[in-house]
Amino acid sequence: MAAGGLAGLLPAQTQLEYALLDADTPQEKENLVYQYLKKMDSRERDLTVPELGGDLQWLNTEGPISLHKDLCGKVVVLDFFTYCCINCLHLLPDLHALEHQYSDKDGLIIVGVHSAKFPNEKVLDNIKSAILRYNIAHPVVNDADATLWHELEVSCWPTLVILGPRGNMLFSLVGEGHREKLFLFTSITLKFYKERGQIKDNNIGIKLYRDSLPLSPLLFPGKVTVDDSGERLVIADTGHHRILVTRKNGQILHIIGGPNSGRRDGRFSEAAFNSPQGIAIKNNVIYVADTENHLIRKIDLELEVVTTVAGIGIQGVDKEGGAKGEEQAISSPWDVVFGNSSIVSAFNISYLHIHDCLLNDFLFCFRDPGRRCFMDSNGRHSSGMGPDAGRWKTTKGKNLFAFGDVDGVGINAKLQHPLGVSWDKKRKLLYVADSYNHKLPILNPEVCDVPDNLPVQKDKVTNLPKLPKSAPNVQLPSLTVAPGQTIQFLLKLTLPPDSKLNEEPPSSWFITAEDNTWLLQGQCPTGEIKDISHQTTIPFQLPRSCLSAEATLAIKVCLYYCSKGSSACMMKGISFSQPLQVANTDQDSLAQVELMHTF
């Protein structure tokens, strides 16, 4: 087992990355990585990855794969991902490029370790669909219980872990945007172990799931819409990277783009898209959410020409905006719809911004007639583009952990992985495909409200979060208390440098008392943590009638935070165990216990 998990890599890899920042030439960088590998290779005992369970379900292979038998002699890139995570999808082009450069004959194999965030994502058929939709051509294991995730103390989607040929951990890359490091680390690792004769060129039993399926005229169509006349259909044939225009009987009028992905404007025969999703048609103009190209495209059916109206073809990280549409980077547009004279563009994950109201885990809507607006896919910010000046404006953003199933007004309403929108012109309401809640909420933009079209759960039962396996357990000194006495736990937490607490995820504390649940009667066992710059006071009062002279309280903390400027969100936890000795003697009316921890 990897002692200490990924934390065991952190000190040495941090030193390497600081040194790489000071390196001036590619040769200097290669030398630094080479020397790092010499050091880390000697730590095999401490950093060996545990074997995957033999009962796990595998895809894209002839059968289960053993990390220490089948992949012995290979440099392995473990991709901890979940198919709904937009950051994970942004990483796939980097992995595709790496697979194109190095094969298993070269000694490299990529293994996707699917570690679900939502219960729906544990279902094998859903993972099969995702593999097809995103053209994943490497082995994928359904680690539904996140066993390896916890063993290695992974805390973020996506996370890459690079292993040496003996299953020894060498590097980890958290979040997206590390293409240069990924290629540098991988290429030098292959070179290092080839020189030592430890790389094997045997083939791995790859059997792509897609090859077992019959050919289909459509592949994961993202959306279909009908024009105002009701005579034409427009289909986003997402898996074939094209747009189809047909008559209502299915007769094809235009094939625009496909079958391969690309990014090109021009005539219909020249144009190329990359996994287009949303579409909207008005008269003879179609707008397309060209998702993996990070563009909004315009199709003119009269001129038979495709142009770009927003985006630069690179995933946007700009949180300020201010550029013209074709100069402003955007991120993974997912859907488009006309609202009166404006365009609504939806992006998966995140929340809604309407008239300065925020709707969690949603998308975006227009601010006023004639204004086109867009929402960044991770909910970090929303942007708008006016029809005349064509300038973008960016508003305050959130993050990918703000999801749920709650009707309500503005920020109090929550959705879970919504994927489509449709505008009702007569009622002036927006319908939302709330995919993971299996519902169709209705949004009233005039009041920034999600009407109660379906009943809200009335019970207030709290589902306590599960702490990561890596969460430390701090044993506190025993405390002597008396029945009815009040204890104040004074919680003081410190985040890593250049990190900040996420504003919307439910960072919280909660109290448990296994085998002594009588302690919690009448208590408030949980609370939110909104600001860790100040001390959080957690009150607790012992029952006046105690059933045992000895008991233990567990005060647990679950935090969600991001590194400033990072594309990854972290989930961390800590548990404090407080033994209690109950004595029928007078004690001070208030006892205070400090709970301090630095992440």
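Residues numbered from 1 in each chain as written. Predicted model: local features only at pLDDT ≥ 70, side-chain atom pairs only at ≥ 80, totals over all residues. Heavy atoms only, no water.

A. Spatial organisation of the packing of helix α2 (residues 26–41) against helix α6 (residues 179–195). For the pair α2 and α6, the least separation of the axes is 10 Å and the interaxial angle reads 60°. For the element pair α2 / α6, the angle class is oblique. Our pair here, α2 against α6, has a crossing hand that is right-handed. Across the interface between the two elements, Lys 29, Glu 30, Val 33, Tyr 34, Leu 37, Lys 38 and Asp 41 of α2 pack against Glu 180, Leu 184, Phe 185, Ile 188, Thr 189, Phe 192, Tyr 193 and Glu 195 of α6. Residue composition of the contact of α2 with α6, grouped by class: eight nonpolar, one polar and six charged. (Axes fitted to C-alpha atoms, helices over the stretch in contact; angles between N-to-C directions. Helix = DSSP H or I, 4+ residues; strand = E, 2+ residues; numbered from the N terminus. Parallel < 35°, antiparallel > 145°, perpendicular 65-115°, else oblique. Left-handed = near helix turned anticlockwise from the far one by under 90°. Contact = heavy atoms within 4.5 Å. Nonpolar A, V, L, I, M, F, W, Y, C, P; charged D, E, K, R; others polar.)

B. Highlighting helix α4 (residues 124–133). Within α4 the residues assigned to the buried category are Leu 124, Ile 127, Lys 128, Ala 130, Ile 131 and Leu 132. Contacts from the buried residues of α4 go to β1 (57–59), β3 (108–114) and β4 (140–142). (Buried < 20%, exposed > 50% of the residue type's maximum accessible area, 1.4 Å probe, protein only.)

C. Representation of the environment of Pro 441 in the model. Looking at the element boundaries, Pro 441 is found in the loop between β25 (429–434) and β26 (442–443). When its relative accessible area of 6% is taken as the criterion, Pro 441 is described as buried. Along the chain, Pro 441 and Asp 407 lie 34 residues apart, while their C-alpha atoms are 8.1 Å from each other.

D. Here's a closer look at the sheet that holds β4. Spatial ordering of the open sheet is given by β1-β4-β3-β2-β5-β6, a layout of six strands whose pairing is mixed. Looking at the sheet topology across the chains shown, the edges are occupied by β1 and β6 (169–174). Across the sheet, the axes of successive neighbouring strands diverge by a mean angle of 20°, strand direction being ignored. Of the strand pairs in this sheet, strand β2 (residues 75–81) and β3 are connected by seven bridges, and their pairing is parallel. Counterpart to Leu 78 in the pairing with β3 is Val 111. This element, α4, spans β1, β3 and β4 of the sheet and lies at about 20° to β1. (Pairing = 2+ DSSP bridges.)

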